[in-house]
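# Understanding the architecture of this molecule
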Amino acid sequence: NRAFVMLFMVTLFYFTAIVIRGNVMLPYFRFVSGQVNVYSWFNGFGLGALLLGVACSTPVSIRMGKLNLFKASMILTGVFTMALLVLPPTATIAIIATESLRQFAFGLSGPILWAMMGDVADYGEWKTGRRASGTVTSAVVFALWVGLALGGAVAGWLLGAYGVVSDAATQTSAAQSGIVLTGSVYAGLAFLAAAAFLFLYPLSSEKTRSIAAELTERRKSFAKA
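Residues numbered from 1 in each chain as written. Predicted model: local features only at pLDDT ≥ 70, side-chain atom pairs only at ≥ 80, totals over all residues. Heavy atoms only, no water.

### A word on the overall build of the chain
The condition that has to hold: Runs of H or I in DSSP of at least four residues are treated as helices and runs of E of at least two as strands, each being numbered from the N terminus. The contact criterion used throughout is that any non-hydrogen atoms of two residues lie within 4.5 Å. For every accessible area listed, the method is Shrake-Rupley and the probe measures 1.4 Å; residues are considered covered only by the protein chains on display. Charge counting follows a simple rule: Lys and Arg are positive, Asp and Glu are negative, and His as well as the terminal groups are ignored. Lysine's charge is taken at NZ, arginine's at CZ, aspartate's at CG and glutamate's at CD.
A tally of helices and strands in the chain yields eight helices and zero strands. When the helices and strands of the chain are listed from N to C terminus, the series reads α-α-α-α-α-α-α-α. With respect to the three principal axes, the spread of C-alpha positions in the chain is 75 × 30 × 25 Å. Expressed as a percentage of contacts within the chain between residues at least 6 apart in sequence, the contacts between residues at least 24 apart total 82%. Put simply, the chain shows about 10,900 Å² of open surface, and 68% of that area lies on carbon and sulfur atoms. Averaging the coordinates of the 16 positive side-chain charges in the chain and doing the same for the 8 negative ones gives two points 3 Å apart.

This is the structure we're talking about:
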């Protein structure tokens, strides 16, 4: 089931990226920008934009299709994540504005990931005659937890490799560069990896509608029998 494999990999990189980014932003404001008091504003505006993105997800996906919106969401999220690399650490307004755009783009994908589990279960039933909704859900949740663990581990490894000392008052220039790279380039690449697997996901809107219609007819024929 190619759709199942692709959804598993998307989920894995999706949550890996979230944790990598999330684990380094407090060190960024603490050690790179030197404006740790801005961190709460950064999170507050980001959360508001995230909720707005989630609210807009369904109407936008109706127009664009779930798969197209998910691809666009991951690409935009990756680009806005990487934008941290070129923003001056003291450009507070630009950093918060970019984070708001990033979180809005990310929020658009929120409901889609879970909706796609039903599409994958339909695809499996259409292809094999057996429905495995529980297996699909369990595997995706497993990928979620692996992604969360992997993201935390990768963030720790990267920061350690660049010489970041968490209880230090200041960090070396190499450590500061590592914080910026981890929160921008590495986290952004993980989001783009999720987008890359979506391009290999075989279920377009037209395909899912066709499968759903055929399954409905099959079930009607089984009921009659």
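### A look at the packing of aromatic side chains
Condition: Here is the rule: rings of Phe, Tyr and Trp (six-membered ring for Trp) pair when centre to centre is within 6.5 Å. Planes less than 30 degrees apart are stacked, more than 60 are edge-to-face, and the remainder are tilted. Residue exposure (1.4 Å probe, protein chains only): buried if accessible area is under 20% of the type maximum, exposed if over 50%, otherwise partly exposed.
This structure, assessed with the given rule, holds eleven aromatic pairs. Consider the rings of Tyr14 and Phe70, whose centres lie 6.0 Å apart with planes at 85°: the pair is edge-to-face. Here the residue Tyr14 occupies a position in helix 1 (residues 2–32), and Phe70 occupies one in helix 3 (residues 66–82), the gap between them amounting to 56 residues. The pair formed by Tyr14 and Phe70 is uniform in burial state, with each residue classed as buried. Ring plane angle 70° and centroid distance 5.9 Å describe the contact between Phe106 and Phe191, whose orientation is recorded as edge-to-face. Of this pair, Phe106 sits in helix 4 (residues 92–107) while Phe191 is found in helix 7 (residues 173–198), placing the two residues 85 residues apart along the sequence. Note on accessibility: Phe106 and Phe191 belong to one class, buried. Site record: aromatic cluster; members linked through ring pairs are Tyr14, Phe15, Phe70, Phe106 and Phe191.

### Brief notes about the packing of helix 6 (residues 133–161) against helix 7
Our working rule: For helices, the fitted line uses only the C-alpha atoms of the stretch in contact; every axis is such a line through C-alpha atoms, and the angle between N-to-C directions lies from 0 to 180 degrees. Helix crossings fall into two classes, left-handed where the near helix is turned counterclockwise from the far one by less than a right angle and right-handed where it is turned clockwise.
As a packed pair, helix 6 and helix 7 sit with axes 9 Å apart at the nearest point and diverge in direction by 145°. Crossing of helix 6 against helix 7: the hand is right-handed. Residues Ala155, Leu158 and Leu159 of helix 6 pack against Gly178, Ile179, Thr182 and Tyr186 of helix 7.

### Some thoughts on the environment of Val79
Here Val79 shows up in helix 3. Here Val79 falls in the partly exposed class, since its relative accessible area comes to 48%. Sequence separation between Val79 and Leu67 is twelve residues; the distance between their C-alpha atoms is 18 Å.

### Considering the packing of helix 3 against helix 4
To keep it simple, the criterion reads: Angle categories are assigned with fixed cut-offs, so that under 35 degrees is roughly parallel, over 145 is roughly antiparallel, 65 to 115 is roughly perpendicular, and the rest are oblique. For this classification, the nonpolar set comprises Ala, Val, Leu, Ile, Met, Phe, Trp, Tyr, Cys and Pro, the charged set comprises Asp, Glu, Lys and Arg, and every other residue, Gly included, is treated as polar.
Contact geometry for helix 3 and helix 4: axes closest at 8 Å, N-to-C directions at 160°. Classified by the interaxial angle, the pair formed by helix 3 and helix 4 is roughly antiparallel. Crossing handedness for the pair helix 3 and helix 4: left-handed. On helix 4, the residues touching Ser73, Met74, Leu76, Thr77, Phe80 and Thr81 of helix 3 are Thr98, Leu101, Arg102, Ala105 and Phe106. Its residues assigned to classes, the contact of helix 3 with helix 4 comprises six nonpolar, four polar and one charged.

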